[in-house]
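# Understanding the architecture of this molecule
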Amino acid sequence: MPIRTKTVRGAAVRIVGLLPRRRDWAAARRAPRRDLLAGLTVAVVALPLALAFGVTSGLGAQAGLVTAVVAGAVAAVLGGSNLQVSGPTGAMTVVLVPVVARFGGPGVLMVGAMAGAILVVLAVLRVGRYVRYLPTPVVEGFTAGIAVVIALQQVPAALGILDAHGGKVWAVAADAAVRFAAHPDPTAPAVAIGVAAVMLLGARWRPRLPFSLIAVAMATALADLLRLDLARIGSLPTGLPPLSLGFLDPGAFATLLPSALAVAALAALESLLCATVADAMSVGEQHDPDRELFGQGVANLVTPVFGGIPATAAIARTAVNVRAGAGSRLAALTHAVVLAGIVLAAGPLVAGIPLAALAGVLLATTVRMVEAGSLLALARATRRDALVLALTFAVTVAVDLVTAIAVGVGVAVVLALRAVARTVRMEQVPLDPADHSAEELRLLAEHIVAYRLDGPLFFAAAHQFLIQLSDVSDVRVVILRMSRVTTIDATGASVLGDAITRLRRRGVTVLLSGIADHHDRVLTALGIADRLREAGHVFPDTPSAISYARHHLQHRPPTEHPDHATTPVAGL
């Protein structure tokens, strides 16, 4: 069968495996009333968040509601988690703001569709399972950074300044603060702070009540009663917008690809982390990471057709869903249906919500996002964790989220390799003196040395190994015991070959013992093991190598010394 045909069939089988199954809805039949109530609760909480994130993204409140409805329903049906809720999120708006500024609304829609396609490809390639290896300091650092960025994004609306400018979010916030200081008006800040205070204090008093919706309703009613001059969301069209594919522009594909990759990376990361959190909060739940990527990918492919922004799983709404007693996908689907009813029936009511009130909702949300205890624990754990945490946080705020993740993971990997490299040891081990004459013991003590290599011999540890082995002196035979080498890569094998060459040029015979089969393949591929075998210097175990060394020394000319060898052995 041709390779291309096998590849196509393999991809088709994987896609079929990612599709919904009947057993996905088995849990919904056990307690449907509980799921319906949980979905209604989540919808009440999600309404102000969807509006706020839509406004913050730059496409408007309608886009946020459409995203919550469409993406929420599609991801609930196709996703890999039974409990999590999808829709617009604060982290995604952070990535979308510069896209809106550069490419406008159609550009954002196309970026969302491209990101959806990328997520589907990642699901087919089974990449989802690898997110579990993301370092905790990177996750915590970028989460805290997202919270700060979202808070900075709310500064203009919270101050009542709608025309602030700047290249970065912190620059826009600073410009808004300067303009507010020149012409202060406490109305908008009072509304924002009031809404945030009601949410935070109310959550401590009655955690199950939807204080975000209560606070927004109170702020809107008070603003109407006192006729406060506040910027409002504005009119919303009733019903979902008509289907449209006008945003698809093949010519803009290359230009928008970097933004699409950033959106896809963030959607994958946030969705899989959210699913992990949902599993930890529940009993007996285990999400499928690849199906979750597939569900989020299809959701982001469909949502732009209705005018929605890119979506991902939302940790805050998922946590509410779990705490409200959700046990199946029916709860998340109910949340989307309820929000659709609001879009169809209550558009005029939503239009009168002050932007400052939504800013207060998001300010309270950012406070909840940051787990101070977790951050302090990581900062105190090790210097390495503290450095990765601080660096990821700083890059998130100063640059962007994707760069922060790349930098954080890169630094974490380098520091981890450095720590692993320090565990590599090469120590001299005694030879067994039993049943040997005094002359043999003297030869063994003076001219044969055995070294045991422990740990990984790879690129990060290779330089240290070369220095240690090259410093060996006053010996005629060196036995390298390889049985405890955990891994070896091409760099480590090459450095081993260089060290052996240096010793042989000094007249020292090098013997290898206990090479594992998978390590032997690396050494053979680089030509090291074959040349040693030709010389008879590779042994299955250390006793065989010691026996050869004794015989070698007994038949070696007594005048020959490694420091005065007249004919160096050819290098490897």
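For clarity, every value in this text was computed on a predicted model and none was experimentally measured.

Turning our eyes to something else, we now look at the overall build of the protein. A tally of regular secondary structure across the protein gives 23 helices and eight strands. Taken across its 572 residues, the protein has 49% of its residues classed as buried. Excluding contacts between residues fewer than 6 apart, the proportion of contacts in the protein whose partners are at least 24 apart in sequence is 83%.

Turning to helix α10 (residues 289-302), a few remarks are in order. Here α10 spans 20 Å end to end across 14 residues, near enough to the 20 Å set by a 1.5 Å rise per residue. Most of α10 is tucked away, with twelve of its 14 residues classed as buried. Of all the residues in α10, the buried ones are P289, D290, R291, E292, L293, F294, G295, Q296, G297, V298, A299 and N300. Two or three places before D290, at the opening of α10, D288 has a side-chain oxygen 3.1 Å from that residue's backbone nitrogen.

With that settled, consider the packing of helix α15 (residues 372-381) against helix α16 (residues 383-398). With their axes 5 Å apart at the nearest point, α15 and α16 run at an angle of 130° to one another. Judged on the interaxial angle alone, α16 and α15 are oblique. On the side of α15, the interface is formed by L375, L378, A379 and A381, while α16 contributes D385, A386 and L389.

Moving on to the pattern of salt bridges. In the structure shown here, the tally under the stated rule is two salt bridges. The partner of R179 in a salt bridge is D175, and the shortest N-O contact between them spans 3.0 Å. Placement of the pair is R179 and D175 together in helix α6 (residues 169-182), with a separation of four residues, close to one helical turn. When the shortest N-O distance is used, the salt bridge between D520 and R533 registers 2.7 Å.

This part takes up unusual backbone geometry. Here the phi dihedral of R126 falls at roughly 60°; this positive angle occurs in a residue that is not glycine. In this fold, R126 is placed in the loop between α4 (90-124) and α5 (136-159). Phi is positive for R227, close to 55°, though the residue is something other than glycine. With respect to the helices and strands, the residue R227 is situated in the loop between α8 (211-226) and α9 (253-281). We classify R227 as exposed; its relative accessible area is 76%.

In this section: the packing of aromatic side chains. Any two aromatic rings considered together are summarised by their centre-to-centre distance and by the angle between their planes. Summed over the entire model, instances satisfying the criterion amount to two aromatic pairs. Judged by centre distance (6.3 Å) and plane angle (50°), the rings of W205 and F211 are tilted. In this structure F211 comes out as buried when scored by relative accessible area, which is 11%. Ring centres of F539 and Y548 lie 5.3 Å apart, and the angle between their planes is 45°; on these two criteria the pair is classed as tilted. Given the relative accessible area of 27%, Y548 is considered partly exposed.

Core analysis: the biggest nonpolar cluster contains 95 residues, and L51, F142, V195, I233, L339, I353 and L401 have the highest contact counts within it. Top contributing element to this core by residue count: α4, with 17 residues. Residues within four places of F142 in sequence aside, it is in contact with L266, L269, L273, T392, T396, L401 and I405. Membership of the second largest hydrophobic core comes to 22 residues, among which are Y451, V478, A493 and I515.

Here the focus is the confidence of the model for the protein. Scored by pLDDT, the protein comes out at a mean of 80, with 84% of its residues at no less than 70. Per-residue pLDDT stays below 50 along residues 559-572; that stretch engages in 24 contacts with residues further than four places along the chain or on separate chains.

Direction vectors running N to C along α5 and helix α7 (residues 187-205) enclose 125°, while the axes themselves pass 7 Å from each other. Regarding the angle of α5 to α7, the classification is oblique. Contacts between α5 and α7 involve A157, A158 and L159 from the former and A188, P189 and A192 from the latter. Considering only residue class, the contact of α5 with α7 consists of six nonpolar, no polar and no charged.

The next thing to look at is the layout of surface pockets. Of the pockets and cavities examined, the largest pocket occupies roughly 1,700 Å³. For the largest pocket, the lining is made up of 50 residues, of which I315, A316, A319, R323 and R368 are closest to its centre. Each pocket or cavity is described by its volume, and for the second largest pocket that value is around 1,100 Å³. In terms of lining residues, the second largest pocket is bounded by 38 residues, among which T56, V97, P98, Q153 and V169 are the most central. At the level of secondary structure, the elements contributing two or more residues to the lining of the second largest pocket comprise α2 (32-57), α4, α5, α6, α9, α14 (355-369), α16 and α17 (401-421). No other element matches α4, which puts nine residues into the lining of the second largest pocket.

Below, the discussion takes up a nonpolar patch on the surface. Judged by side-chain polarity, W205, L209, I214 and M218 come together as a nonpolar surface patch covering roughly 420 Å² of accessible area. As for its position among the elements, L209 is in the loop between α7 and α8. Its relative accessible area of 41% is what places L209 among the partly exposed residues.

Looking now at helix α20 (residues 490-505). In this model, α20 (16 residues) spans 23 Å end to end at C-alpha, consistent with the 22 Å of a helix rising 1.5 Å per residue. At the exit of α20 stands G507, carrying a positive phi of roughly 85°.

Next up on the list: the side chain of E270. For E270, the location among the structural elements is in helix α9. No salt bridge is formed by the buried E270, whose closest oppositely charged neighbour, R317, lies at an N-O distance of 7.3 Å. With residues near it in sequence (within four places) discarded, E270 still touches T89, A91, T312 and A313.

The next subject is the pairing of strand β4 (residues 448-457). Each regular strand displays side chains that alternate between the two surfaces of the sheet. The buried count for β4 comes to ten of ten residues, which makes it a mostly enclosed element. As judged from the five bridges shared by β4 and strand β5 (residues 477-481), these two strands associate in the parallel manner. Bridge pairing in β5 places I448 opposite V477. Where β4 and strand β6 (residues 485-488) come together, two bridges link them in parallel fashion. Opposite G455, over in β6, you have V485 as the bridge partner.

Below, the discussion takes up the environment of G145. Locating G145 in the fold gives a position in helix α5. By relative accessible area, G145 is classed as buried at 0%. Here the alpha-carbon distance between G145 and L389, two residues 244 residues apart in the chain, equals 9.9 Å.

Rules used in this analysis
All chains use their own residue numbering, which begins from 1 and follows the written sequence. Residues qualify for local features only when their pLDDT is at least 70, as the model is predicted, and side-chain atom pairs are given and counted only at 80 or more; totals for whole chains, interfaces and linings, by contrast, use all residues. Only hydrogens and water are set aside; all other atoms, that is, all heavy atoms of the structure, feed into the side-chain values. Secondary structure follows DSSP: runs of H or I at least 4 residues long count as helices, runs of E at least 2 residues long count as strands, and numbering of each begins at the N terminus. Classification of residues uses two cut-offs on accessible area relative to the type maximum, computed with a 1.4 Å probe and protein chains only: under 20% is buried, over 50% is exposed, and between them is partly exposed. It only takes one pair of heavy atoms within 4.5 Å for two residues to be counted as in contact. To estimate the expected span of a helix, subtract one from its residue number and multiply by 1.5 Å. Definition of a polar contact: a pair of N or O atoms within 3.5 Å, with one able to donate and the other able to accept a hydrogen when the atoms are protein atoms, and with sequence-neighbouring residues admitted only if both atoms are side-chain atoms. The axes used here are C-alpha line fits, helices contributing only the stretch in contact, and every angle between their N-to-C directions lies in the interval 0 to 180 degrees. Note that the term roughly parallel is reserved for angles under 35 degrees, roughly antiparallel for angles over 145, roughly perpendicular for angles of 65 to 115, and oblique for everything else. For this analysis, a salt bridge means a side-chain nitrogen from Lys or Arg found within 4 Å of a carboxyl oxygen belonging to Asp or Glu. Aromatic contacts are taken between Phe, Tyr and Trp rings whose centres are within 6.5 Å, Trp giving its six-membered ring; a plane angle under 30 degrees counts as stacked, one over 60 as edge-to-face, and the others as tilted. Working definition of a nonpolar core: buried Ala, Val, Leu, Ile, Met, Phe, Trp, Tyr and Cys residues. They are joined through side-chain atoms within 4.5 Å. A score from 0 to 100, pLDDT tells how confident the predictor is in each residue. Just so you know the grouping, Ala, Val, Leu, Ile, Met, Phe, Trp, Tyr, Cys and Pro go in nonpolar, Asp, Glu, Lys and Arg go in charged, and all remaining residues, Gly too, go in polar. Grid points spaced at 1 Å and placed over the protein atoms alone form the basis of the search, with a cavity being a set where a 1.4 Å probe fits but cannot get out and a pocket an open set showing protein on both sides within 12 Å along at least five of seven lines. Lining residues have an atom within 4 Å of a point. Grid points are joined across faces, edges and corners, and a volume is the space filled by probe spheres set on the points. To count toward a patch, a residue needs a relative accessible area over 30% and no salt bridge; like charges are then connected within 9 Å, while nonpolar side chains (Val, Leu, Ile, Met, Phe, Trp, Tyr) are connected within 5 Å. Working definition of accessibility: Shrake-Rupley area with a 1.4 Å probe, residue cover restricted to the visible protein chains. In summary, the charge assignment counts Lys and Arg as positive and Asp and Glu as negative, without counting His or the chain termini. When DSSP finds at least two bridges between two strands, those strands are taken to pair.

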